[in-house]
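# Remarks on the overall topology
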Amino acid sequence: MYKKVIKNKRDLSDFELKISEAQNKGLTVFTDGSMDNRSDTNDMKFSYAIYEGTEVIETKVLEQKYNGKRNSINKAEALGIIYALAFLDENNCNNERITFFTDSKIVYNICRLRKPPKSDSIFYSTCLSLLRGIERFSDLHFEWIPRELNEYADGLMRKELA
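So, here's what we can say about the structure. Nothing here was measured: the structure is a model prediction, and the numbers come from that model.

### Considerations on the overall build of the chain
Helix and strand content of the chain: five helices and five strands. Its helices and strands taken in sequence order, the chain reads α-β-β-β-α-β-α-α-β-α from the N to the C terminus. Within the chain, buried positions represent 43% of all 162 residues. The long-range fraction of contacts in the chain, counting pairs at least 24 apart against all pairs at least 6 apart in sequence, stands at 65%. Carbon and sulfur atoms make up 45% of the accessible area of the chain, which totals about 9200 Å².

### A word on the nonpolar core
Counting 31 residues, the largest nonpolar core has Leu 88, Ile 98, Phe 100 and Leu 130 as its most contacted members. Those elements that place two or more of their residues in this core are strand E1 (27–35), strand E2 (44–52), helix H2 (73–90), strand E4 (98–102), helix H3 (105–113), helix H4 (124–135) and strand E5 (140–144). No other element matches H2, which puts nine residues into this core. Residue contacts for Phe 100: discarding those within four places in its chain leaves Val 29, Thr 31, Ile 81, Ala 84, Leu 85, Leu 88, Leu 140, His 141, Phe 142 and Glu 143. Counting eight residues, the second-largest nonpolar core is a separate cluster that includes Ile 19, Ala 22, Phe 30 and Phe 101.

### Considerations on the pattern of salt bridges
All chains considered together, the criterion is met by five salt bridges. Several salt bridges converge on common partners, so that one network encompasses Asp 43, Glu 63 and Lys 65.

### Things to note about the packing of H2 against H4
Direction vectors running N to C along H2 and H4 enclose 30°, while the axes themselves pass 9 Å from each other. Here H2 lies roughly parallel to H4, going by the angle between them. Relative to H4, H2 is oriented so that their crossing is left-handed. Contacts from Lys 75, Ala 78, Leu 79, Ile 81, Ile 82 and Leu 85 in H2 reach Thr 126, Ser 129, Leu 130, Gly 133 and Ile 134 in H4.

### Observations regarding the packing of aromatic side chains
Using the criterion set out here, one finds four aromatic pairs in the structure. Centre to centre, the rings of Phe 30 and Phe 101 are 5.1 Å apart; their planes meet at 15°, and the pair counts as stacked. Within this pair, whereas Phe 30 is found in strand E1, its partner Phe 101 is found in strand E4, the two being separated by 71 residues in sequence. The burial state of Phe 30 is the same as that of Phe 101; both residues are buried. Measuring from ring centre to ring centre gives 5.4 Å for Phe 46 and Tyr 83, while their planes differ by 40°; the resulting arrangement is tilted. Linking Phe 46 in strand E2 with Tyr 83 in helix H2, this pair joins segments that are 37 residues apart in sequence. Judged by its relative accessible area of 3%, Phe 46 is buried. On the basis of relative accessible area, Tyr 83 is assigned to the partly exposed category, the value being 39%.

### Overview of H3
Where H3 is concerned, the buried positions are Val 107, Tyr 108, Ile 110 and Cys 111. Angularly, the buried residues of H3 cover 165° about the axis, an arc narrow enough to put them on a single face. Contacts made by the buried residues of H3 are with H2, E4, H4 and E5. Count one or two residues on from H3 and you reach Arg 114, which has phi positive near 55°.

Reading the values: rules and limits
- Residues numbered from 1 in each chain as written.
- Predicted model: local features only at pLDDT ≥ 70, side-chain atom pairs only at ≥ 80, totals over all residues.
- Heavy atoms only, no water.
- Helix = DSSP H or I, 4+ residues; strand = E, 2+ residues; numbered from the N terminus.
- Buried < 20%, exposed > 50% of the residue type's maximum accessible area, 1.4 Å probe, protein only.
- Contact = heavy atoms within 4.5 Å.
- Areas by Shrake-Rupley, 256 points an atom, 1.4 Å probe, with all protein chains shown as cover.
- Core = buried A, V, L, I, M, F, W, Y, C linked by side-chain atoms within 4.5 Å.
- Salt bridge = Lys/Arg side-chain N within 4 Å of Asp/Glu carboxyl O.
- Axes fitted to C-alpha atoms, helices over the stretch in contact; angles between N-to-C directions.
- Parallel < 35°, antiparallel > 145°, perpendicular 65-115°, else oblique.
- Left-handed = near helix turned anticlockwise from the far one by under 90°.
- Phe/Tyr/Trp six-rings, centres within 6.5 Å; stacked < 30°, edge-to-face > 60°.
- Arc of directions from axis to C-beta.

Remember, this is a structural readout, not a statement about activity or role.
Here it is in structure tokens:
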């Protein structure tokens, strides 16, 4: 399926098994957020790829230009999920089993626990929008992609978004 990589002595077989199980049970969504912390513009890019089984049904790469407010990589990741949820909602997927894979531990915990960060967080309002989006679905699941496997997940996104 995908080239196996062993990094930091961690085998990808467990990760591939999680993906395979999710694909067999419903829709699977990979999200990714990025931004250059060294940039003065503080622009963010975020993307998602939605699969039905192993077939891609939607991919999107979006960008949010700097609007005078401080941004973060976690905010970019949350926006990827928000936009994927909006697509799924527009296409009446609210009652389907959907598994999201994210590499942001912070965003993963917010989604899994259904609890926003502290109100003084950089992306507090984004998280409130995220949680409102999650409420519209009956069977959402979230999986965290460990940092050492992030390269693998990014490869999935690059492959589909190229």
